Amino acid sequence: MAKKKSSFHMGDEFNGSGKKTYLRATQHNTYAPLPQHNVRLTPNFNKFVPAAIGALPIGIETTLEESDDVIKVTGSIASAAQIIIKKDEKTGTFQTFMPIRKIALTTGSYLHSVLDKVEKDFSAIEEKAEFVGYLAYGAKSITQDSEEGFFKLYDSPTLNVEGSKQYYCIDLYNEHDLEPYGALQGFGGKKSVLNYNGNSKYGGQSLDPSKGTLIYNGMERYAIALGPKLQNQNCDLENYKGTDLAYGTCVDISIELDENIYYIPAIIVDAKNHTSPTGIFQTGEPLQGSDKKVAGDTGNIVEWYVIKEENKKNKSSGLNHFNRKSSIIIYWQEVLE
């Protein structure tokens, strides 16, 4: 009996049964062909950007001309945090660099904006990172005048990336389901563990709060505090000590400005205690010690140990532009002692 009636279904395809069913358009339109001048086909990047999807990485030869011989690496579930391709101007060949993502190995497999446009020899990156200027007050441009800006910016990572770990601020917020706010906006005042210890560590250097820097291998690095979980993922948040953390360890803070990536050299001198319960983000709630809640904006990740004002100009002005476009690179093997 069902076949004596006409039925019709419209989805990705047409299905009908019973009597013939006709479709008629209610409106007929014709369109002129699109102009063909200035048309350029999208390049095929299959050979140039090997995709790291999900978690399984792939190995590639040194040069992209040989990338047809791609070797799939098995037995590993680390994912590539980013893929950097650079061209050797002398030979014309391409080389690739893939930092491995160690946090949330098989999660966060969505696209990131490129946070590294390095065109340097990574085996000697420390010697070739070039100073490009100061982050201007307001954080919307770069200036060569130290009176018009403060944080020094470099064009590439300031230390060798081997053995380092990179935390993307937006990943941290997403992982803990928090709204990104003030990632680089915190200021710790004039005191730090460095000064409490009587300058007996960190090469015997004194932290001048007006400059807020220490010297490592001839480069000024801005003193910062990070949450204990960023300094030591295995630390006991209710009972940690300074010796459990990464004091003296060198860091780069990367920011994206006008679609370029710049690096601010930094060094860890203290821990952010008021980051309960995650040990990462400023909340005002202490992890241990005093029960006193501290005032201030919540959500910042990096706290700078430098006086906030200079010549009536606010050094922190505009740093919240980088809530989603910043990262923290920790160089575990580079420690000032």
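Residues numbered from 1 in each chain as written. Predicted model: local features only at pLDDT ≥ 70, side-chain atom pairs only at ≥ 80, totals over all residues. Heavy atoms only, no water.

### Examining the nonpolar core
Nonpolar side chains in soluble globular proteins tend to end up buried together.
Item 1. Counting residues in hydrophobic clusters, the biggest one holds 42 residues, and the most contacted among them are I253, I301, W304 and I328.
Item 2. Elements supplying a minimum of two residues to this core: β11 (149-154), α2 (169-175), β15 (219-226), β16 (249-257), β17 (260-271) and β21 (326-335).
Item 3. Per-element tally for this core: the top contributor is β17, with five residues.
Item 4. Not counting residues up to four positions away in its chain, the partners in contact with I253 are L184, I224, Y262, Y263, I264, A266, V302, W304, S327 and I328. (Core = buried A, V, L, I, M, F, W, Y, C linked by side-chain atoms within 4.5 Å. Buried < 20%, exposed > 50% of the residue type's maximum accessible area, 1.4 Å probe, protein only. Helix = DSSP H or I, 4+ residues; strand = E, 2+ residues; numbered from the N terminus. Contact = heavy atoms within 4.5 Å.)

### A word on empty space enclosed by the protein
Item 1. Using the criterion set out here, one finds one cavity of 30 Å³ or more in the structure.
Item 2. Each pocket or cavity is described by its volume, and for the largest cavity that value is around 40 Å³.
Item 3. Taken together, L135, A136, Y137, A139, F150, F151, K315 and S317 make up the full set of residues lining the largest cavity.
Item 4. Of all elements in the fold, only β9 (131-136) and β11 reach the threshold of two or more residues within the lining of the largest cavity.
Item 5. Residue composition of the lining of the largest cavity, by class: six nonpolar, one polar and one charged. (1 Å grid on protein atoms, 1.4 Å probe; cavity = no way out; pocket = protein on both sides within 12 Å on 5 of 7 lines; lining within 4 Å. Points joined across faces, edges and corners; volume = space filled by probe spheres on them. Nonpolar A, V, L, I, M, F, W, Y, C, P; charged D, E, K, R; others polar.)

### Things to note about the environment of H321
Item 1. Secondary-structure assignment places H321 in the loop between β20 (313-314) and β21.
Item 2. Accessibility expressed as a relative area gives 41% for H321, which makes it partly exposed.
Item 3. Along the sequence, H321 and K140 sit 181 residues apart, while their C-alpha atoms lie 8.3 Å from each other.
Item 4. Apart from the residues lying within four places of it in its own chain, the contact partners of H321 are G138, A139 and K140.

### Things to note about the packing of aromatic side chains
Item 1. Under the criterion given, the structure shown has eight aromatic pairs.
Item 2. Residues F151 and Y222 carry aromatic rings whose centres are separated by 5.2 Å and whose planes lie at 65° to one another, so their mutual orientation is edge-to-face. Placement of the pair is F151 in strand β11 and Y222 in strand β15, with a sequence separation of 71 residues.
Item 3. With a relative accessible area of 1%, F151 lands in the buried category.
Item 4. Ring centres 4.5 Å apart and planes at 45° place the aromatic pair F151 and W304 in the tilted group. Highlighted residues: F151 in strand β11 and W304 in strand β18 (residues 303-304), separated in sequence by 153 residues. Across the pair, W304 and F151 agree in class, each one buried. (Phe/Tyr/Trp six-rings, centres within 6.5 Å; stacked < 30°, edge-to-face > 60°.)

### What about the side chain of Q282?
Item 1. Locating Q282 in the fold gives a position in the loop between β17 and β18.
Item 2. On the accessibility criterion, Q282 (10% relative accessible area) is buried.
Item 3. A distance of 2.9 Å separates the side chain of Q282 from the side chain of K272, its partner in a polar contact. (Polar contact = N/O pair within 3.5 Å; in protein donor to acceptor, adjacent residues only side chain to side chain.)

### Comments concerning the pattern of salt bridges
Item 1. The final tally for this structure, using the stated rule, is seven salt bridges.
Item 2. Of the charged contacts in the structure, one is a salt bridge between K313 and E148, with a shortest N-O distance of 3.3 Å. Of the two residues, K313 sits in strand β20 while E148 sits in the loop between β10 (142-143) and β11, which places them 165 residues apart along the sequence.
Item 3. For K313, a relative accessible area of 26% puts it in the partly exposed group.
Item 4. Taking relative accessible area as the criterion, E148 reaches 38% and is therefore assigned partly exposed.
Item 5. Taking the shortest distance from any N to any O, the salt bridge between K211 and E220 comes out at 2.9 Å. (Salt bridge = Lys/Arg side-chain N within 4 Å of Asp/Glu carboxyl O.)

### A few points about unusual backbone geometry
Item 1. The linkage connecting S276 with the following residue, P277, adopts the cis geometry, with an omega of 5°.
Item 2. Mapping P277 onto the fold places it in the loop between β17 and β18.
Item 3. Of note, the phi angle at D258 is positive, near 55°, even though the residue is not glycine.
Item 4. On the basis of relative accessibility, which here comes to 61%, the residue D258 falls in the exposed class.
Item 5. Backbone geometry places E259, a non-glycine residue, at a positive phi of 65°.
Item 6. Mapped onto the secondary structure, E259 falls in the loop between β16 and β17.

Any functional reading would require information that these geometric values do not contain.
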